[in-house]
Amino acid sequence: MNTTGPEDRGLRLIPFRGLRYVPERVGSLSAVTSPPYDVVVRPDGLHQLESADPHNIVRLILPQAATPEARHRQAAATLGQWLSEGILAPDPEPALYVYEQRRGDLLQRGVIGALALSGPADGIVLPHEDVMADIVADRAALMRTTAANLEPLLLTYRGEDGPAGSTTAATAPTTSTSGTNAVIERTVRRPPLLTTTTEDGFRHRLWSVTDPGDLDEITRDLADHQALIADGHHRWATYLRLRAEHSATGPWSYGLVLLIDTARYPLQVRAIHRLLHGLPVDRAVAALSGSFRVRTVEGPLPEALDALADAGTGAGAGAGSNAFLLAGDGRFHLVDRPDEALLKRTVPTGRPEAWRNLDATVLHSTLLDHIWNIPDDPEHIAYIHDTEAAIGKAERDGSTAVLMHPVREDVVRDLARQGVTMPRKSTSFGPKPATGLVLRSLTLG
């Protein structure tokens, strides 16, 4: 890694002129926001967002048309129309944005900005999951056509750990005297640019940071840190692809992100479930005979998920602890205690033991590739964040939902620091930023 200056050692977050909805031109800010594009997986969810307001951001991030090219052109035309009509407008000067999410006792704060892009070899931004080439190609085409970053990635760093690479966990103090957290704490005492509460119960607030002293304080603080991609691997890969197509020093060399200090604001880690198209549950269960223990467990869903957690004792707990919950026939089937000899034959070697023990590794290497013979492509597998949505679709389609247990964050971070990526869609960190509160145009800077 080049270490000629502080901006080259670690994270470099720069201000930009945020594109934001003009409140007077829309029904409400909550009606124009959306979850990230890959969370809006159900047609009913998409239609609900589209009908909430004619200017809902989903019309940009998931445009509907007959072909991919038509979808991308439609998104670009919609964005241009909204700008010309004053639905969206750029802020008057470049800024970083303090972003707060709150629901009940859960509080999360971070900074949104344009982050200098870097590859995995630089050790500045650490991916922890593989990506799917077709999704990267689609996101790249959308971003290329709209010339905009439509939603921020979620990145985490350990502000109390000191220099990048440190693994010491620390309890965040109540207040900070300097650095990014100090700027955040000063900023949230001011009136916000916007406040809205979304359907999921989260209250969102946004402030701009334009003071040169505050911006410099954030720059100095972040220069000594590395970040983990918590959510947005495909969009980060998209950023890197588009950077390679454009000038290395222009706006395409930066990407829109939300940075969260998880030493102060720990994220929740959830699983992403699999829906196996065309595989009925009875066939899935029958194929496991002699390879895994399979038991029918009682519902309702929360109790079945508790049984899954007890069986696995958490993903990454060690060899033989892998567990999965199959659903789709009105019952729950707990799959655990894999045959050790089978794992040795099917799980690739040459990776750390923690990677070999991951539920997602065993699912893909042993179950999907070896037992069920299911290709990992959109025609055969869907990735669904919401547990009930996965079960409901499996029951409607006569398919199998494979419910997963979340991976511990320390396992994710340790593997990422070793340069080891996990199977795609292994984790879901949250809460995720709402899409639509601030966008970044690549023509405005």
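Quick note: structure is the one above.
A few points on the structure. (Residues numbered from 1 in each chain as written. Predicted model: local features only at pLDDT ≥ 70, side-chain atom pairs only at ≥ 80, totals over all residues. Heavy atoms only, no water.)

1. Let's talk about the sheet that holds strand S19 (residues 400–403)
In spatial order, the strands read S15-S17-S16-S19-S14-S18; together these 6 strands make up an open sheet with antiparallel pairing. In this open sheet, the two edge strands, each paired with only one partner strand, are strand S15 (293–297) and strand S18 (381–384). Each adjacent strand pair in this sheet contributes to an overall mean axis angle of 25°, direction not counted. Two elements, strand S14 (residues 273–276) and S18, share 4 bridges in a ladder whose sense is antiparallel. For Leu-276, the partnering residue across the bridge sits in S18 and is Ile-381. Helix H15 (residues 387–397) contacts S14, strand S16 (323–327), strand S17 (332–336), S18 and S19 of the sheet and is inclined by roughly 160° relative to S19. (Pairing = 2+ DSSP bridges. Helix = DSSP H or I, 4+ residues; strand = E, 2+ residues; numbered from the N terminus. Axes fitted to C-alpha atoms, helices over the stretch in contact; angles between N-to-C directions. Contact = heavy atoms within 4.5 Å.)

2. Description of a negative patch on the surface
A cluster of like negative charges, contributed by Glu-298, Glu-303, Asp-306 and Asp-310, occupies part of the molecular surface. Structurally, the position occupied by Glu-298 is in the loop between S15 and helix H11 (301–312). A relative accessible area of 65% places Glu-298 in the exposed class. (Patch = residues over 30% accessible without salt bridge, like charges linked within 9 Å, V, L, I, M, F, W, Y side chains within 5 Å. Areas by Shrake-Rupley, 256 points an atom, 1.4 Å probe, with all protein chains shown as cover. Salt bridge = Lys/Arg side-chain N within 4 Å of Asp/Glu carboxyl O. Lys, Arg positive; Asp, Glu negative; His and termini not counted. Charge placed at Lys NZ, Arg CZ, Asp CG, Glu CD. Buried < 20%, exposed > 50% of the residue type's maximum accessible area, 1.4 Å probe, protein only.)

3. Examining empty space enclosed by the protein
With the rule as written, the count across this model stands at 5 cavities of 30 Å³ or more. Size it by volume and the largest cavity reaches roughly 120 Å³. What lines the largest cavity is a set of 15 residues, among which Asp-38, Asp-231, Gly-232, His-233 and Lys-425 lie closest to the centre. For the lining of the largest cavity, the element with the most residues is helix H9 (residues 233–245), which contributes 3 residues. Of the residues assigned to the lining of the largest cavity, the class counts are 4 nonpolar, 5 polar and 6 charged. (1 Å grid on protein atoms, 1.4 Å probe; cavity = no way out; pocket = protein on both sides within 12 Å on 5 of 7 lines; lining within 4 Å. Points joined across faces, edges and corners; volume = space filled by probe spheres on them. Nonpolar A, V, L, I, M, F, W, Y, C, P; charged D, E, K, R; others polar.)

4. Considerations on helix H14 (residues 359–371)
Counted at 1.5 Å a residue, the expected span for H14 with its 13 residues is 18 Å, but the 15 Å between its end C-alpha atoms falls short. With 11 of 13 residues buried, H14 is to be regarded as a mostly interior element. Buried residues of H14: Asp-359, Ala-360, Thr-361, Val-362, Leu-363, His-364, Ser-365, Thr-366, Leu-367, Leu-368 and Ile-371, and no others. For H14, the elements touching its buried residues are S14, S16, helix H12 (340–346), helix H13 (353–356), S18 and S19. Immediately downstream of H14, the backbone of Asn-373 shows phi near 55°, a positive value. (Expected span 1.5 Å × (residues − 1).)

5. Some words on the side chain of Glu-100
Tracing the chain through its elements places Glu-100 in strand S4 (residues 96–103). On the accessibility criterion, Glu-100 (0% relative accessible area) is buried. Aside from chain neighbours lying at most four places away, what touches Glu-100 is Leu-107, Gln-108, Arg-109, Arg-203, His-204, Arg-205 and Trp-207.

6. Remarks on the layout of surface pockets
A volume near 1600 Å³ is recorded for the largest pocket. Lining the largest pocket are 48 residues, with Pro-35, Val-39, Asp-200, His-385 and Asp-386 positioned closest to its centre. Where the lining of the largest pocket is concerned, the elements lending two or more residues are helix H2 (29–32), helix H3 (43–52), S4, strand S13 (268–270), H11, H15 and strand S20 (428–430). For the lining of the largest pocket, the leading source of residues is H11, giving 5 residues. Across the lining of the largest pocket, the residue classes break down as 23 nonpolar, 16 polar and 9 charged.

7. What to know about the packing of aromatic side chains
Each aromatic ring pair is summarised here by two numbers: the centre-to-centre distance and the angle between the ring planes. Under the counting rule described, the total for this entry stands at 3 aromatic pairs. The cationic tip of Arg-351 hangs over the ring face of Trp-355; the distance from NZ or CZ to the ring centre is 4.5 Å. (Phe/Tyr/Trp six-rings, centres within 6.5 Å; stacked < 30°, edge-to-face > 60°. Lys NZ or Arg CZ within 6 Å of the ring centre and 35° of its normal.)

8. Focus: unusual backbone geometry
A cis geometry characterises the amide bond from Gly-299 onward to Pro-300, with omega recorded as 5°. Counting through the fold element by element, Pro-300 comes out in the loop between S15 and H11. A positive phi angle, close to 55°, is found at Asn-373, a residue other than glycine. In this fold, Asn-373 is placed in the loop between H14 and S18. Taking the relative accessible area as the measure of exposure, Asn-373 reaches 57% and is therefore exposed.

9. Quick look at the environment of Gln-108
Its location among the elements puts Gln-108 in strand S5 (residues 106–116). C-alpha separation for the pair Gln-108 and Gly-430, spaced 322 residues apart in sequence, amounts to 9.5 Å. In this structure Gln-108 touches Tyr-99, Glu-100, Gln-101, Ile-260, Tyr-265, Leu-267, Gly-430 and Pro-431, once residues within four positions along its chain are discounted.

10. Here's the deal with the packing of helix H5 (residues 68–85) against helix H6 (residues 133–146)
Axes are the key here: two packed helices are described by the angle between their axes and the distance separating the axes. H6 packs onto H5 with a crossing angle of 35° between their chain directions and a minimal axis gap of 8 Å. Read as a crossing pair, H5 and H6 show a hand that is right-handed. Across from Arg-71, His-72, Arg-73, Ala-75, Ala-76 and Leu-79 in H5, the residues of H6 making contact are Asp-138, Ala-141, Leu-142, Thr-145 and Thr-146. A class-by-class count of the residues in the contact of H5 with H6 yields 5 nonpolar, 3 polar and 3 charged. (Left-handed = near helix turned anticlockwise from the far one by under 90°.)

11. Considering the sheet that holds strand S2 (residues 18–21)
Read from one edge to the other, the open sheet built from 4 strands follows the order S3-S2-S21-S7, with strand pairing classed as antiparallel. Pairing within the sheet leaves two strands with one partner each, and these edge strands are strand S3 (88–90) and strand S7 (148–149). Pairing of S2 with strand S21 (residues 439–441), which is carried by 2 bridges, proceeds in the antiparallel orientation. Across the sheet, Leu-19 pairs through a bridge with Leu-439, a residue of S21.

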